[in-house]
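As a plain string of letters, each chain reads:
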Amino acid sequence: MFEEASEVFDNMFKSSFPLTFIVFIPAVLILVSPLPAEAAHEFTVYRMQQYDLQGQPYGTRNAILNTEARTVEAEVLSRRCVIMRLVDFSYEMYQKALRQSAGAVVIILPKNMSTMPQDIVQQFMELEPEMLATETVVPVYFALEDDELLSIYTQTLTSSSSQGSSSAAEVLIHTATANGFQMVTSGAQSKAVSDWAITSLEGRLAGTGGEDLPTIVLVAHYDSFGVAPWLSYGADSNGSGVSMLLELARLFSRLYTYKRTHAGYNLLFFVSGGGKFNYQGTKRWLEDNLDHTDSSLLQDNVAFVLCLDTLGNGDNLHLHVSKPPKEGTPQYALLNELETVVSSQYPEVKFSMVHKKINLADDTLAWEHERFGIRRLPAFTLSHLNSHREAQRSSIMDVRSVSSSSRHGAGEHPAGPHVDLRKLSRNTKLIAEALARVIYNLTEKGAPGDLKIFTEQMVQEEQLSSIVDWLTAQPRAAQLVDKDSSVVSTLEYHLGRYLKDVRRHYVKADKRDPEFVFYDQLKQTMNAYRVKPAIFDLLLAACIAAYLGVIYLAIQHFGIFYSVVRRITAPKTKQH
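Here is a short report on the structure shown in this document. (Residues numbered from 1 in each chain as written. Predicted model: local features only at pLDDT ≥ 70, side-chain atom pairs only at ≥ 80, totals over all residues. Heavy atoms only, no water.)

## Focus on helix 15 (residues 486-498)
Right, on to step 1. For helix 15, spanning 13 residues, the distance from its first C-alpha to its last is 19 Å, which sits close to the expected 18 Å at 1.5 Å a residue.
Right, on to step 2. For helix 15, the set of buried residues is Val487, Val488, Leu491, His494, Leu495 and Tyr498. Buried residues of helix 15, viewed axially, fall in a sector of 130 degrees; they line one side.
Right, on to step 3. Those residues of helix 15 that are buried lie in contact with strand 9 (197-205), helix 7 (235-255), strand 11 (266-272), helix 14 (461-471) and strand 16 (500-508).
Right, on to step 4. At the N-terminal boundary of helix 15, the capping side chain belongs to Ser485, with an oxygen 3.1 Å from the backbone nitrogen of Val487. (Helix = DSSP H or I, 4+ residues; strand = E, 2+ residues; numbered from the N terminus. Expected span 1.5 Å × (residues − 1). Buried < 20%, exposed > 50% of the residue type's maximum accessible area, 1.4 Å probe, protein only. Arc of directions from axis to C-beta. Contact = heavy atoms within 4.5 Å. Polar contact = N/O pair within 3.5 Å; in protein donor to acceptor, adjacent residues only side chain to side chain.)

## Points about the sheet that holds strand 3 (residues 56-59)
Right, on to step 1. Taking strand neighbours across the sheet as the criterion, the 3 strands line up as 3-2-17 in an open arrangement whose pairing is antiparallel. Two strands in the sheet have a free side with no partner beyond their single neighbour: strand 3 and strand 17 (516-518). Strand-to-strand twist in this sheet, taken as the mean axis angle between neighbours without regard to direction, amounts to 20 degrees.
Right, on to step 2. In terms of strand pairing, strand 2 (residues 50-53) meets strand 17 through 3 bridges, oriented antiparallel. (Pairing = 2+ DSSP bridges. Axes fitted to C-alpha atoms, helices over the stretch in contact; angles between N-to-C directions.)

## With respect to the packing of helix 7 against helix 14
Right, on to step 1. Viewed as axis vectors pointing N to C, helix 7 and helix 14 meet at an angle of 140 degrees, and their least axial separation amounts to 9 Å. Judged by the angle between their axes, helix 7 and helix 14 are oblique. Classified by chirality, the crossing of helix 14 by helix 7 is right-handed. Within the contact between the two elements, helix 7 uses Gly239, Val242, Ser243, Met244, Leu246, Glu247 and Arg250 and helix 14 uses Gln463, Leu464, Ile467, Val468 and Leu471. (Parallel < 35°, antiparallel > 145°, perpendicular 65-115°, else oblique. Left-handed = near helix turned anticlockwise from the far one by under 90°.)

## Some words on the packing of aromatic side chains
We describe a pair of aromatic rings using the distance from one ring centre to the other and the angle between the two ring planes.
Right, on to step 1. Counted by the stated rule, this structure contains 14 aromatic pairs.
Right, on to step 2. Considering the side-chain rings of Tyr51 and Tyr58, the 5.1 Å spacing of their centres and the 15 degrees angle between planes classify their relative orientation as stacked.
Right, on to step 3. Given a relative accessible area of 13%, Tyr58 falls into the buried group.
Right, on to step 4. Three or more aromatic residues joined by ring pairs form one cluster here, namely Tyr51, Tyr58, Phe225, Phe277, Phe516 and Phe518.
Right, on to step 5. The ring of Tyr519 has Arg61 lying over it, and the distance from NZ or CZ to the ring centre is 5.0 Å.
Right, on to step 6. The residue whose ring lies beneath Lys523 is Trp230, and the NZ or CZ to ring-centre distance is 4.4 Å. (Phe/Tyr/Trp six-rings, centres within 6.5 Å; stacked < 30°, edge-to-face > 60°. Lys NZ or Arg CZ within 6 Å of the ring centre and 35° of its normal.)

## Description of helix 3 (residues 91-99)
Right, on to step 1. Every buried residue belonging to helix 3 is among Tyr91, Met93, Tyr94 and Ala97, and all of these are buried. The arc that holds the buried residues of helix 3, viewed along the axis, is 165 degrees, so those residues lie on one side. Residues of helix 3 that are exposed and angled more than 90 degrees away from the buried face: Glu92 and Arg99.
Right, on to step 2. Next to the buried residues of helix 3 lie strand 5 (81-85), strand 6 (104-109), helix 4 (118-133) and strand 7 (140-144).

## As for the nonpolar core
Side chains of nonpolar character tend, in soluble globular proteins, to be buried together.
Right, on to step 1. Counting residues in hydrophobic clusters, the biggest one holds 68 residues, and the most contacted among them are Leu248, Phe252, Leu306, Ile431 and Leu435.
Right, on to step 2. When near neighbours in sequence (up to four residues on either side) are disregarded, Ile431 contacts Met244, Leu248, Leu306, Leu308, Leu311 and Leu382.
Right, on to step 3. Formed by 46 residues, the second largest nonpolar core is a distinct cluster that contains Leu53, Met116, Leu127 and Phe225. (Core = buried A, V, L, I, M, F, W, Y, C linked by side-chain atoms within 4.5 Å.)

## Some remarks on the sheet that holds strand 11
Right, on to step 1. With mixed pairing, the 8 strands of this open sheet are ordered in space as 14-13-15-12-10-11-9-16. Every other strand in the sheet has two partners, leaving strand 14 (350-355) and strand 16 as the edge strands with one partner each. Pairwise comparison of adjacent strand axes, ignoring direction, gives a mean angle of 20 degrees for this sheet.
Right, on to step 2. With 4 bridges connecting them, strand 12 (residues 302-308) and strand 15 (residues 379-383) associate as parallel partners. What sits directly across from Leu306, in strand 15, is Phe380.

## Notes on the pairing of strand 4 (residues 66-71)
Right, on to step 1. Counted residue by residue, strand 4 has 5 buried out of 6 residues, so it is predominantly covered.
Right, on to step 2. Inspection of the sheet shows strand 4 paired to strand 8 (residues 180-185) by 3 bridges, in the antiparallel sense. Its bridge partner lying in strand 8, Thr67 is registered against Met183.
Right, on to step 3. Sheet topology places strand 4 next to strand 5; 3 bridges connect them, and they run parallel. For Ala69, the partnering residue across the bridge sits in strand 5 and is Cys81.

## Examining the side chain of Thr136
Right, on to step 1. Structurally, Thr136 can be placed in the loop between helix 4 and strand 7.
Right, on to step 2. For Thr136, the residues in contact, after removing those within four places along its chain, are Gly59, Thr60, Arg61, Tyr94, Leu98 and Met131.

## Some points on the environment of Val438
Right, on to step 1. Note on placement: Val438 falls in helix 13 (residues 421-439).
Right, on to step 2. Overall, Val438 belongs to the buried group, its relative accessible area being 7%.
Right, on to step 3. Along the backbone, Val438 and Glu337 are 101 residues apart, and their C-alpha atoms lie at a distance of 7.0 Å.
Right, on to step 4. Sequence-distant contacts of Val438, that is, excluding residues within four places in its chain, are made with Tyr265, Phe304, Ala333, Leu334 and Glu337.

## What to know about a nonpolar patch on the surface
Right, on to step 1. Residues Ile560, Val564 and Ile568 make up a contiguous nonpolar surface patch of about 300 Å² in total accessible area.
Right, on to step 2. Take Ile560: it is sitting in helix 17 (residues 558-569). (Patch = residues over 30% accessible without salt bridge, like charges linked within 9 Å, V, L, I, M, F, W, Y side chains within 5 Å. Areas by Shrake-Rupley, 256 points an atom, 1.4 Å probe, with all protein chains shown as cover. Salt bridge = Lys/Arg side-chain N within 4 Å of Asp/Glu carboxyl O.)

## A closer look at unusual backbone geometry
Right, on to step 1. A cis amide bond, omega 10 degrees, links Ser237 with the succeeding residue Asn238.
Right, on to step 2. Position of Asn238 relative to the elements: it lies in helix 7.
Right, on to step 3. The backbone of Asp195 shows a phi angle near 60 degrees, a positive value even though the residue is not glycine.
Right, on to step 4. Among the secondary structure elements, Asp195 is positioned in the loop between strand 8 and strand 9.
Right, on to step 5. A relative accessible area of 48% means that Asp195 is categorised as partly exposed.

The following block contains the structure:
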């Protein structure tokens, strides 16, 4: 009876395709049915700078990312998205990822930069220029840390670290069973932005007493710069300079309102754009005023140009010059008045003059006053920084931070660059007093050095604070501030409150030989999908093949298989 059943099943499986199909297909569907791709996390990422300046490319040249995540601890980084945390970041790790042809790099930043240790902040600030100095083929992104992103990093770190195990079997098993993450950006490839306009603003206070009056020019660039445009808030560089310029405009507009204090100097205020890109806004403004018009305050009688840059902290004040002023000139008078005010009213401030010649062989100018010096206009830059090479002038770490008394313990200062409102207010009063002494010629009139033109109430610390807070509430990278930006319109509004003839000036790159080129796709959404690694698919395919092979052999030799099973399971008979 059983032998007959065996023959029936054997013939049925060999000759009947539908029944064979019924056995194979359910097994295949069970084994190969894919796990649904789960979007583990969606977060915003900010791409590294990408621009061309004087024909030289800077930053990353790619924006598309679709690759599996790894941490730098993994032995193989080729075509992987390497995730790093700022607290563990080093230039050697970054270079290791690039040397191994990583598919992308994502650097996780803390939400509050001021909580980072000072040594980590300083190290990263010094590395930012190096990261931008060379052309990077792979996309480099920055993301702000949150709980889910930190969890992704931790799981990826565990998976990457296991690859260093001594046992190859352990590595294979762990790799096959671990969860991985596929990092995918939603945007397109970056491309050059055409017809981008950098906007600058000017306004003036006209002097009284004649037509050929000397002109004092006050300048501050408003744009910020860092390794990632969308993270560049530029609190000290140069939110402090713009805030001071607006406060000086307010103070002197009050003096120029009254006939008794209306001075014999024209005051020209210029808020420049493109300062971090070799002062493109200032360059075009000078060309418009000196080359393309017959009537300009810059053509007639310029006493001096005073540029304000990075003045929101420190007890040092440096007057950077390309050529030391000669005695008897208005420039020399300003130098003397600054020394007088410092020694008489602010002895805690250390004032000095720093002389550096203009080096036209450099790719970029050191300070904004050099743009004026090239056109033979007497100019200086005031800053609390001793050198133009200070890392904090071009760093995403330059963010607004409250004073140490309100957030940090006594004697403890926030990490990295920040704006100390009390010192910004003090520096504003100091510069306002020195300018007033020059404008009203107080030293020659015998006025004592401790004479205060502006009372404590006249310099409004609250106004300075509100302007700094507003400026640092949004990134102001030149690639993000177009002519319709709220940054430009708000600056124009503030200038219009105190000054006359407020006008905009635009600069666009030449289409045939552009001095600067900006690129888009600087901010994107990234998705981290939970996936199994590629080795899992390979092992799954091997298991499926083995299963199907066993089933095939069992069907083709069902009679033999049945006979073997029958002999094994048959009860043994006793022999007499």
